[in-house]
Amino acid sequence: MDMPGDSAGSDSLIELGVYTLAALGADRSGTELAAALASKQDGLRAAKRGRDASDEGAIAAGALAVAAEVDLEGVLRRIDSRALEAVNKKRGLEPYATLLPGNLTQALAPMGRAQAAEASRIANLLAPSTGARLAGVTDELAGFAPELRARVAAFVTRIEGLEAAEVAAVAAYGAELTARRVWREQYRKTHALLTALYPSDLRKVESFFKAAKKAKKATASSPSAPSAGGAAG
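Residues numbered from 1 in each chain as written. Predicted model: local features only at pLDDT ≥ 70, side-chain atom pairs only at ≥ 80, totals over all residues. Heavy atoms only, no water.

Things to note about the environment of G112
With respect to the helices and strands, G112 occurs in the loop between helix 4 (103–108) and helix 5 (113–126). Given a relative accessible area of 23%, G112 falls into the partly exposed group. Remark: the alpha-carbon pair of G112 and F155, spanning 43 residues in sequence, is separated by 8.4 Å. Beyond its immediate chain neighbours, meaning those up to four positions away, G112 contacts E69, F155 and I159. (Helix = DSSP H or I, 4+ residues; strand = E, 2+ residues; numbered from the N terminus. Buried < 20%, exposed > 50% of the residue type's maximum accessible area, 1.4 Å probe, protein only. Contact = heavy atoms within 4.5 Å.)

Structural notes on the packing of aromatic side chains
Evaluation of the coordinates by the stated rule reveals three aromatic pairs. Note on W183 and Y187: the rings are 4.6 Å apart at their centroids and 20° apart in plane angle, and the pair reads as stacked. With a gap of four residues between them, W183 and Y187 both fall in helix 7 (residues 144–197), about one helical turn apart. For W183, a relative accessible area of 0% translates into the label buried. Y187 gets classed as buried once you look at its relative accessible area, which sits at 0%. A centroid spacing of 5.3 Å and a plane angle of 85° characterise the contact between Y187 and F209, whose relative ring orientation is edge-to-face. Within this pair, whereas Y187 is found in helix 7, its partner F209 is found in the segment after helix 8 (202–207), the two being separated by 22 residues in sequence. Taken together, the aromatic side chains of W183, Y187 and F209 make up a single cluster linked through ring pairs. (Phe/Tyr/Trp six-rings, centres within 6.5 Å; stacked < 30°, edge-to-face > 60°.)

What to know about the pattern of salt bridges
In this structure the tally under the stated criterion is 16 salt bridges. The salt bridge partner of K210 is E15, with a shortest N-O separation of 3.3 Å. With K210 in the segment after helix 8 and E15 in helix 1 (residues 10–25), the pair connects residues that are 195 residues apart, well separated along the chain. On the basis of relative accessible area, E15 is assigned to the partly exposed category, the value being 40%. Residue D52 pairs with R51 through a salt bridge whose shortest N-O separation is 3.4 Å. (Salt bridge = Lys/Arg side-chain N within 4 Å of Asp/Glu carboxyl O.)

Right under this line is the structure:
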């Protein structure tokens, strides 16, 4: 038997399991062995489906987070445009100098929660919860604050969703690795039990297990000609 190594993926293990289960199903003596391996095969399939679903969930959550960040940046761009008009494009004047000290480029540079924090800083300058607004902020500029805060809240929610999805994906991968280990243990045990069942017939024992693929050797006269041979034992 060619025992799959620790690096073998779930698809490879499942393929080997399909072969062995079919062979055991054709042999009356293999009924109980088939049931034990089938249980581990089902567990591996379920773990792989769980990991695939978690990976897709993380990808989708990432897309939603990016979309929310783009929406947030859109509001910052409009604030930058209106603030520039308010100071006649003189960035050193208030309120532009304090709102966007590093111009729009710096305001958009942060990523993730840092971007949310920067946007919240600007919203608090435009329309603070308590106290007076930043000097020079017009009513029009202050009017951006509610929308900006709403975009920040939506973005943070998407970030939290992405973080949760990534944690779930890591857990699902760990569960799949455990299922692979359990499957390999049962696969190895199946071989040992079959060897005990047919101690004098190694050919039959090996017939229950899919042989590893071997590279074909091309002949000198026909490099691409396939080699002759029957089914793997």
